[in-house]
Amino acid sequence: MKKGKLMLVSLLSVLSFSLSSCQKKPDHIEVDGLEEMILLYKKTFNKTFVQDDITIRWEILNSESIFTERIKGTTSYLLEERQKKGYSEYITFRETWSFIDEKGEMISATKTYFDENLDAKEEMSYKVGSKAYGETYKTYYKYFIMAENFDSYLKPNSKEGGENDYSTDMVYKGEIYNYSNFYNYMDDWYNFSAWHNDNEDIEFDLHGDIYSETELVKNACIHFTFPSEAYSPFDETHERFTFKMSYGENEKIGLPDISSWKNKTSL
C-alpha cells in the first residue's frame, strides 16, 4: 500500500474511533489524490446520506427555482417553487411525492401547476416501479454523487464522458478542519476540490459546515466548471448549488389521492 494511503487509513481510523468515543477528533485531516478524496468524502457524508428524517433546501445559480425536499422514512416530498419574472415572490411550480403504497408498490407522483412560462397548467401523473421511485426519492443526492463521478466526466468514450480526454494532470484534494476542538461555538468544516493544472475551465469544489456534535452536514456549496466540449451532468458548463440541511423536524408526510391521476409508467 502506498504511503499516502497508509496515512489516510490511519487518519480515518482515528476519525472513526472519535465518532464512537469522547476522544478529541484530529484537528486537521488532509488527503491528496482521487481515491483518497473520494474515501474521505464518503466518510464525511455517510451519516447524512442515510438520514431518514431530513429536510434539504437548495438553490441553483442558473435557475429561477428553489427546492425543498422533506424525507421521512421511505417517503419524500419535493417542492419546487419558481420566481415569476418581475416579481419577488415565489409560487408553487411542482410537487413530487415518492412513496411505497399499502400494496408495497413504489410510486413517484407529480403535480405540476404551471408550464415553463408560468402559465396555469395543472397536470397530475404518476409512475410505478423502483426506477421511477429511485429517480425522485432523495433527489438532492444526485448533486453530491458528482463528487464521486467527476473524473469519469472528463474521460472520452465512457458512459458519462465527452469526446476528449481531460482526465490527465488533475489535482484532487480533501480536507476537514475540526474547529470545534478549539471553539465550542464553531462548526467543523470540510472541502473537497479538483482542478486541472493547465486548463482553468476544469474545476470542482464541494465545501461546507458540519455539526460538531452529530457529525451531520449542516450546509454545502457545490461549484463546477467544464470545457464546453466536455460532458456536463447538468447540461451546464458552469454551475453552482447551495444547500441547507436540518434534521428530525418532519412529521408524517401527507400523500395525495392519485386514483384519478394519469398513469405514465409505460411512457
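Quick caveat, the model's predicted, so the values are computed rather than measured.

S.K.: Which parts of the structure should I look at to understand the overall build of the protein?
M.R.: For the protein, the helix and strand inventory stands at 5 helices and 13 strands. For the protein, the proportion of its 267 residues judged to be buried stands at 44%. In the protein, 50% of the contacts between residues at least 6 apart in sequence involve partners at least 24 apart.

S.K.: I would appreciate a short explanation of the nonpolar core in the present structure.
M.R.: In summary, soluble globular proteins display a tendency toward joint burial of nonpolar side chains. Counting residues in hydrophobic clusters, the biggest one holds 47 residues, and the most contacted among them are Phe144, Phe150, Leu206 and Phe243. The element contributing the most residues to this core is helix H2 (residues 34–49), with 6 residues. Contact partners of phenylalanine 144, with chain neighbours within four places excluded, come to Tyr41, Phe45, Phe49, Leu206, Ala220, Ile222, Phe243 and Met245.

S.K.: In this structure, what is going on with the environment of serine 63? I would like to understand it.
M.R.: Among the structural elements, serine 63 can be located in the loop between strand S2 (53–60) and strand S3 (65–72). Here the alpha-carbon distance between serine 63 and phenylalanine 241, two residues 178 residues apart in the chain, equals 9.9 Å.

S.K.: Sorry if this is basic, but what is going on with the packing of H2 against helix H5 (residues 146–153) here?
M.R.: Pairs of packed helices are described in terms of their axes, by the angle between the two and the distance that separates them. As a packed pair, H2 and H5 sit with axes 9 Å apart at the nearest point and diverge in direction by 160°. One way to sum up the angle between H2 and H5 is to call them roughly antiparallel. As for how H2 packs across H5, the hand of that crossing is left-handed. Between H2, through Leu34, Met37, Ile38, Tyr41 and Lys42, and H5, the contact on the second element is made entirely by Ala147, Glu148 and Asp151. By residue class, the composition of the contact of H2 with H5 is 5 nonpolar, no polar and 3 charged.

S.K.: What is the right way to look at the environment of glutamate 35 in this model?
M.R.: Secondary-structure assignment places glutamate 35 in helix H2. Taking the C-alpha atoms as reference, glutamate 35 lies 9.1 Å from glutamate 148; in sequence the two are 113 residues apart.

S.K.: What exactly am I supposed to notice about a negative patch on the surface here?
M.R.: Residues Glu163, Glu200, Asp201, Glu203 and Glu229 make up a contiguous surface patch of negative charge. Judged by relative accessible area, which is 43%, glutamate 229 ranks as partly exposed.

S.K.: When you look at the pattern of salt bridges in this model, what are you seeing that I'm missing?
M.R.: When the charged atoms of two side chains with opposite charge come close together, those side chains can pair. All told, the structure shown has 14 salt bridges when counted by the stated rule. A salt bridge links aspartate 187 to lysine 218, with the nearest nitrogen and oxygen atoms 2.9 Å apart. You can see aspartate 187 sitting in the loop between strand S8 (170–177) and strand S9 (188–196) and its partner lysine 218 sitting in the loop between strand S10 (203–210) and strand S11 (219–225), a full 31 residues away along the chain. With relative accessibility at 28%, the residue lysine 218 sits in the partly exposed group.

S.K.: Can you help me understand the side chain of aspartate 151 in this one?
M.R.: With respect to the element layout, aspartate 151 can be found in helix H5. Engagement of the side chain of aspartate 151 in a polar contact is seen with the side chain of tyrosine 172, the distance being 3.1 Å. Discounting chain neighbours no more than four positions away, the residues touching aspartate 151 are Leu34, Ser167 and Tyr172.

S.K.: Explain H5 here, please?
M.R.: One full turn of an α-helix is made of 3.6 residues, so residues set three or four places apart face in the same direction. Of all 8 residues in H5, 6 are buried, a share of seventy percent or more. For H5, the complete set of buried residues consists of Met146, Ala147, Phe150, Asp151, Ser152 and Tyr153. Residues of H5 that are buried sit in contact with H2, helix H4 (141–144), S8, S9, S10 and S11.

S.K.: What's the story with the packing of aromatic side chains in this structure? I'm lost.
M.R.: Two aromatic rings, taken as a pair, are described by how far apart their centres are and by the angle between their planes. What the rule picks out here adds up to 28 aromatic pairs. Ring geometry for phenylalanine 49 and phenylalanine 144: centres 5.9 Å apart, planes at 65°, overall edge-to-face. Linking phenylalanine 49 in helix H2 with phenylalanine 144 in helix H4, this pair joins segments that are 95 residues apart in sequence. Assigned by exposure class, phenylalanine 49 and phenylalanine 144 land together as buried. Between phenylalanine 224 and phenylalanine 226 the ring centres are 5.1 Å apart and the planes differ by 50°, which places this aromatic pair in the tilted class. The burial state of phenylalanine 224 is the same as that of phenylalanine 226; both residues are buried. One residue, arginine 82, lies across the ring of phenylalanine 93, its end atom 3.7 Å from the ring centre.

S.K.: Explain unusual backbone geometry to me, please; I cannot follow it from the model alone.
M.R.: For residues that are not glycine, phi is negative in most cases, and the peptide bond is trans in most cases. With a phi angle near 65°, leucine 118 is a residue other than glycine that sits in the positive phi range. Mapped onto the elements of the fold, leucine 118 is located in the loop between strand S6 (106–114) and strand S7 (120–128).

The rules behind the values
Residues numbered from 1 in each chain as written. Predicted model: local features only at pLDDT ≥ 70, side-chain atom pairs only at ≥ 80, totals over all residues. Heavy atoms only, no water. Helix = DSSP H or I, 4+ residues; strand = E, 2+ residues; numbered from the N terminus. Buried < 20%, exposed > 50% of the residue type's maximum accessible area, 1.4 Å probe, protein only. Contact = heavy atoms within 4.5 Å. Core = buried A, V, L, I, M, F, W, Y, C linked by side-chain atoms within 4.5 Å. Axes fitted to C-alpha atoms, helices over the stretch in contact; angles between N-to-C directions. Parallel < 35°, antiparallel > 145°, perpendicular 65-115°, else oblique. Left-handed = near helix turned anticlockwise from the far one by under 90°. Nonpolar A, V, L, I, M, F, W, Y, C, P; charged D, E, K, R; others polar. Patch = residues over 30% accessible without salt bridge, like charges linked within 9 Å, V, L, I, M, F, W, Y side chains within 5 Å. Areas by Shrake-Rupley, 256 points an atom, 1.4 Å probe, with all protein chains shown as cover. Salt bridge = Lys/Arg side-chain N within 4 Å of Asp/Glu carboxyl O. Lys, Arg positive; Asp, Glu negative; His and termini not counted. Charge placed at Lys NZ, Arg CZ, Asp CG, Glu CD. Polar contact = N/O pair within 3.5 Å; in protein donor to acceptor, adjacent residues only side chain to side chain. Phe/Tyr/Trp six-rings, centres within 6.5 Å; stacked < 30°, edge-to-face > 60°. Lys NZ or Arg CZ within 6 Å of the ring centre and 35° of its normal.

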